[in-house]
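Geometric and topological summary
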Amino acid sequence: MAKSSAKTTTARAVSATKKSSKPVSEDLGSNSLVRMLSLLDLFTAAAPAWSSDGLIRALGTSRSTGYRYIKALADIGMLAPVANGHYTLGPRIIELDLQIRHCDPLYKAAGPTLKKLVKETNLSAVLCALFSGSVLCVREELAPESPAHLFSRGQRRPLFRGAASKIILAHLGPHQLRSIYAKHRGSIATSGLGADWDAFRENLADIRRAGYAKTIGEFNPDVIGIAAPIFNKAGQILGSIGVAGADSSFNREEIDRVVGIVRDAGRQVTDRVGVIAVGTDRPARAVG
């Protein structure tokens, strides 16, 4: 039964890959290391286990090359062999996540502030970082009555939706924003950030002046989010910190108090990041 289920899952995932895109290798050019590491992206909640054949078909390489990639990843623990010739993500990924938690300056700098945010607002707190053309959740601290499916560690979201993303977007440089607008004007318009370049620029300027972003239901219905920026010691936007909770139970009379707490949290983490010498001066490159 387990063998049949695994085959079905892999077959569905391979079918989806074929329908939605070209083989991975066609999109990644000639960089063999990138192609090999792209195998890791195939493992999802919908397809947590893959057969060797399934991986090779999705990758679009020769069988000899595919087997060589799989063996290399398994040898260093990035993939783990399981029953019936299938593979799952390996234990080395868990070890690397632990190392990041111990070493990432943003993760470490924000820990106490996230706990304080939850205590002072009774809302869940989220820490995010700018990651190329998206925003990555780095850390979260959940309140007891937290809504389900909040932004959680390891998830990525676009720059145009949600308070945690919009406050980061608002602090990118003019040349970066022009590039982003040229590529994503349709998504920007549907996100409510502006139907043309002037409206887009003015809306982001309003967010910058306010020092925070507030959104309601942009990812999850009935969820309100409030976020403030975090900067590195060079004054460049690094990420955001904020709170989220059920809008239906949020006390509107508390909005100014919560906004003040969130803005203070952003300044506190910025100050802590500023005294860390390594790993925080990461200017955004190729954003969008």
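Placed above this text is the structure.
Residues numbered from 1 in each chain as written. Predicted model: local features only at pLDDT ≥ 70, side-chain atom pairs only at ≥ 80, totals over all residues. Heavy atoms only, no water.

Where helix α7 (residues 105–121) meets helix α11 (residues 255–274), the axes come as close as 9 Å, and the angle between the chain directions of the two elements is 160 degrees. In terms of axis orientation, α7 runs roughly antiparallel to α11. Helix-helix and strand crossings are classified by hand; for α7 and α11 the assignment is right-handed. Note on element contacts: α11 touches α7 through R257, V258, I261, V262, A265, Q268, V269, R272 and V273, opposite L106, A109, A110, P112, T113, K116, L117, E120 and T121. Tallied by class, the residues present in the contact of α7 with α11 amount to 11 nonpolar, 3 polar and 4 charged. (Axes fitted to C-alpha atoms, helices over the stretch in contact; angles between N-to-C directions. Helix = DSSP H or I, 4+ residues; strand = E, 2+ residues; numbered from the N terminus. Parallel < 35°, antiparallel > 145°, perpendicular 65-115°, else oblique. Left-handed = near helix turned anticlockwise from the far one by under 90°. Contact = heavy atoms within 4.5 Å. Nonpolar A, V, L, I, M, F, W, Y, C, P; charged D, E, K, R; others polar.)

Another point: the pattern of salt bridges. In total, this model carries 12 salt bridges according to the counting rule given. K71 is the salt-bridge partner of D75, the closest N and O atoms lying 2.8 Å from each other. Taken together, the residues D75 and K71, both in helix α5 (residues 63–75) and 4 residues apart, mark about one turn of the helix. Linking K115 and E141 is a salt bridge whose minimum nitrogen-to-oxygen distance equals 3.5 Å. Of this pair, K115 sits in helix α7 while E141 sits in strand β5 (residues 134–141), and the two are 26 residues apart along the sequence. What makes E141 partly exposed here is its relative accessible area of 22%. Salt bridges sharing common partners tie together D97, R101 and R153. (Salt bridge = Lys/Arg side-chain N within 4 Å of Asp/Glu carboxyl O. Buried < 20%, exposed > 50% of the residue type's maximum accessible area, 1.4 Å probe, protein only.)

Pairing in this open sheet of 3 strands is antiparallel, and the strands run β1-β3-β2 from one edge to the other. Of all strands in the sheet, those bounded by a partner on one side alone are β1 (50–51) and β2 (79–81). Of the strand pairs in this sheet, β1 and strand β3 (residues 86–89) are connected by 2 bridges, and their pairing is antiparallel. Bridged to S51 within β3 is H86. (Pairing = 2+ DSSP bridges.)

Taken N-terminus to C-terminus, the directions of helix α4 (residues 52–59) and α5 make an angle of 115 degrees; their axes are 9 Å apart at the nearest point. As summarised for this structure, α4 and α5 are arranged roughly perpendicular, according to the angle between their axes. Remark: the crossing between α4 and α5 carries right-handed chirality. Packed against α4, whose contacting residues are S52, D53, L55, I56 and L59, the element α5 presents R63, G66, Y67, Y69 and I70 at the interface. For the contact of α4 with α5, a count of residues per class yields 6 nonpolar, 2 polar and 2 charged.

As a further point, take the pairing of β3. Examined bridge by bridge, β2 and β3 share 3 bridges and lie antiparallel to one another. Bridge pairing links L79 to L89 in β3. Here β2 hands over to β3 after 4 residues, with N84 in that stretch at a positive phi of 65 degrees.

With that settled, consider α4. Of all 8 residues in α4, 6 are buried; the element is thus mostly enclosed. Considered for burial, the residues of α4 that qualify are S52, G54, L55, I56, A58 and L59. Residue G60 follows α4 closely and has a positive phi angle near 80 degrees.

Membership of the largest hydrophobic core comes to 29 residues, with the highest contact counts inside it found for L106, L117, L127, I241 and V269. Contributing elements (two or more residues each) for this core: α7, β4 (124–131), β8 (223–231), β9 (237–246) and α11. In terms of residue count, α11 provides more of this core than any other element does, 8 residues in total. Formed by 27 residues, the second largest nonpolar core is a distinct cluster that contains C128, V135, I167 and F200. (Core = buried A, V, L, I, M, F, W, Y, C linked by side-chain atoms within 4.5 Å.)

Strand pairs in the sheet, formed through backbone hydrogen bonds, run parallel or antiparallel to each other. One open sheet holds the 6 strands; their spatial order is β6-β5-β4-β9-β8-β7, and the pairing between them is antiparallel. With partners counted over all chains shown, the strands left at the sheet margins are β6 (156–158) and β7 (213–216), one partner each. Strand after strand, the sheet turns through a mean of 30 degrees between neighbouring axes, direction not considered. Where β4 lies against β9, 6 bridges are found, and the strand directions are antiparallel. If you follow A129 over to β9, its bridge partner there is G239. Strands β7, β8 and β9 of the sheet are contacted by α11, whose axis makes an angle of about 30 degrees with β8.

Bear in mind that shape data such as this cannot, by itself, settle questions of function.
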